[in-house]
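If you want the building blocks of each chain, they are given just below.
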Amino acid sequence: MKTYEQINNRIESGKAVVLTADEIIDYVEKKGLATAAKEVDVVTTATFGPMCSSGCVLNFGHSKPKIRMSEAWVQDVLVYTGLAAVDVYLGATQLRHNDPANMDHPGEFRYGGAHVMEDLVAGKALQLFALSYGTDCYPLREIRTYFTINDLNQAIMLNPRNCYQNYNVAVNDSDRTIYTYMGTLEPKRKNANYCSAGQLSPLLNDPYYETIGVGTRVWIAGAHGHVYAEGTQHAGGGSRNDQGIPKGGSGTLALTADMKQMSKEFVRGTSFRGYGVSLALGVGIPIPILNEDVLKRTCISDREILAPVVDYSNEYPQNTGKVLSYVNYEQLRTGEIEVEGKKIAVGSLSSYYKALEIAHLLADEIKRGDFRLTEPIAYLKKDTKMKPLVAREKPS
Amino acid sequence: MSQTITKKLMLFFPKCECEKPIIYHLVKDHNLIVNVFRAKVTPEEEGYLALDVTGTEEDIEKGMDFVKTFNVSINTTGKGIIVDEEQCTHCGHCITHCPTGALHIADMVTREVVYSEAKCIECMGCIRVCPYNACASAF
Ligand code: SF4
Ligand code: SF4
C-alpha cells in the first residue's frame, strides 16, 4: 500500500520507478505482482486520436473603443459568442464559413475549428473578424485584426468528452462506400477501422476509475491540465468482460489545459472525407500504483480487451445497438480480423505510435520530478447508462 | 545481354513541349518499356507524367539524354506522391486503402507507418483517406 503523498515524495526525490502501460505487462510477469507493486510507483497511459468533443475558450482582451462581440469568426470559422464581451468558444468540428460540406459528396472538409486550434498552438497569426450591435459601454460594431496565441489573455482547451474508455470497430455492410467519422469504409466489409490505444489507453488501465477521477492531473499535448468533470456520455455501467474491461464505449473524461503550454505535434486538425472536421489530441494519464489491485489492472494487454464490431451503414446510424461480434486488440493489430467467417483488412484512426511516444514523454517528466500526481476530488460513476434522445410529440 | 532495370521518373513538360511524342520515341528508339502511372495536363497546358521505365542501364541513360534535348525536366526521385513525415501521425488509416503495401507498418512494436516510394503506383488512395493531410501529389 502506498499513498499519493508517498508516491509524490519519491517523484520529488527523483527516485520514482515509472513504467509505461506496455512495459508493465512484462515487468509484472517477471517480478510477480507483490514485488512489482512495492517497486513501481507510477504507470503511464496514453492515447492519441480524433476526439470530436473538443474546443477552447479564448479571451482577446479589449480593443479601443471596446466591443461586445455578438458574432465572431477566427480564420472564417464561426466561434460562439454567447459569453462575456471578448470571450469566445471555438469548437473543433465547426466548419469554415462557405465550406461546401457534403454538397459535392464526399466533401473534403479541409479546414475547420480543429485546424484553427492546431494553427493557434503552432503560433501562427490568425484572423479575427467580429461584429456587434453596439452598446453604450461597448460602442465598437466591427473589428478585423490578426493575433497569435501570445496576444491572447487566455487560450484554454475545454473538452467536454475525451478519452473514450473503449470503442467500436466500424465496418460497412452495404454495397456502396460510406464516409464516416470512423473513416472511409468500403462496401461489403472490405475493411474495418478501430480507434483506441488498447493496452496503453488510460481508462482501460483503470477500468473501475479508482485513480482517474475529477481533479486528476493529466498531460494534454505537453501541457499539465486536469480532468474537470466526467465526460459527456460517460456511462460507467456498461457490460464488462471477466477482467472488468468494458466491452464498449463506457467511461469518458472532460479535460482542460492551457493551450499556451501545448506543443503542436499533439494538437492536430483532421479532415474526414464525407464526414467533417475533428481534433486529434494526445493525452497522457499517470496511474499511481497504490496497491496490487491497481497494478494488476494496469497489466491488461491487447489480447484481453474486446471491442464490438458494428455496421456503420445501417445499425449505427439507425441506433439499433446491434453488435456483429467482438474482436480483441491483438487481432486488430495484426491488420486482419475475421467476422462471421470473412477476413477483413483492418486500419486504425488512433495512433499507437504517438500514444507510445506520449507514454514515454510523461514517464520521463515524472522521473525528472516535473510532473506530480493528484488524488481525485470526486470519482467517476460506475453505474450510469447512456440515455437516448426521445422524439416526443408533446411534453410529457 | 546486360541486365534490365526499372527506374521511376517524374517528367515535367512546359507548355511548349506538351505536344511532342516524346514517350513514343522512348519506346521505339530506345527500347524502353514504359509504364505510366499518372499523367496530367494543367489548364495552363503544362504536363506532368509519373512513370516507370524498364530497360538496360545504357538504354535508360540514352533515353534520358534524348528527353533532355527537349525543355523537359526529369525528376529521377520520381516522387509523384509525397508523404510528409512531419505531418504523418502513423495512425494507419491509409494502410487498408493502399493497394500495394507502399504504405505499411514497418515495426509491429512501435507501429510506425513507413512509405516505400518504389512500391507506389500513384493511385491517390492515401490522399483521399489520410485525415491528417500528410499525403499529397506533386501535381
Ligand atoms: S493515414 Fe496519413 S497520418 Fe495516418 S498513417 Fe497514413 S499517411 Fe500517416
Ligand atoms: S498513391 Fe496509392 S499506392 Fe501510392 S502510397 Fe498512396 S495509396 Fe499507396
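Described in the following lines is the structure provided in the data block.

Cut-offs and rules
Residues numbered from 1 in each chain as written. Chains lettered and ligands numbered in written order. Predicted model: local features only at pLDDT ≥ 70, side-chain atom pairs only at ≥ 80, totals over all residues. Heavy atoms only, no water. Phe/Tyr/Trp six-rings, centres within 6.5 Å; stacked < 30°, edge-to-face > 60°. Helix = DSSP H or I, 4+ residues; strand = E, 2+ residues; numbered from the N terminus. Buried < 20%, exposed > 50% of the residue type's maximum accessible area, 1.4 Å probe, protein only. Contact = heavy atoms within 4.5 Å. Buried area = accessible area lost by both parts, 1.4 Å probe. Salt bridge = Lys/Arg side-chain N within 4 Å of Asp/Glu carboxyl O. Nonpolar A, V, L, I, M, F, W, Y, C, P; charged D, E, K, R; others polar. 1 Å grid on protein atoms, 1.4 Å probe; cavity = no way out; pocket = protein on both sides within 12 Å on 5 of 7 lines; lining within 4 Å. Points joined across faces, edges and corners; volume = space filled by probe spheres on them.

A few words now on the packing of aromatic side chains. Each aromatic ring pair is summarised here by two numbers: the centre-to-centre distance and the angle between the ring planes. All names here are of chain A. Applying the stated criterion across every chain, the model contains 14 aromatic pairs over all chains. Taking 5.2 Å as the distance between ring centres and 85 degrees as the angle between the ring planes, the aromatic pair formed by F60 and F147 counts as edge-to-face. Of this pair, F60 sits in the loop between β3 (55–59) and β4 (71–74) while F147 sits in strand β8 (residues 142–147); the two residues are 87 residues apart in sequence, bridging distant segments of the chain. The exposure classification of F60 matches that of F147, with both residues buried.

This brings us to the interface of chain B and chain A. In this complex, chain B contributes 21 residues to the contact, which on the side of chain A involves 30 residues. Of the roughly 1,900 Å² buried where chain B meets chain A, counting both sides, 52% is carbon and sulfur surface. Applying the counting criterion to the chain B and chain A interface returns zero salt bridges. Of the residues in the side of chain B that touches chain A, the class split is eight nonpolar, nine polar and four charged.

A volume near 1,400 Å³ is recorded for the largest pocket. In terms of lining, the largest pocket is formed by 49 residues, of which the most central are Y164, Y167, N168, G249 and Y316 of chain A. Of all the secondary structure elements, the ones that give two or more residues to the lining of the largest pocket are β2 (42–50), β9 (154–162) and β19 (306–311) of chain A. Here the lining of the largest pocket takes four residues from β2 of chain A, the largest share from any one element. Broken down by class, the residue content of the lining of the largest pocket amounts to 23 nonpolar, 20 polar and six charged. Taken together, 23 residues make up the lining of the second largest pocket; nearest its centre are R268 of chain A together with E85, E86, Q87 and C88 of chain B. If you list the elements that add at least two residues to the lining of the second largest pocket, you get α4 (113–121) and α7 (352–367) of chain A together with β5 (81–83) and β7 (112–115) of chain B. Element by element, the count of residues in the lining of the second largest pocket is highest for β7 of chain B, at four residues.

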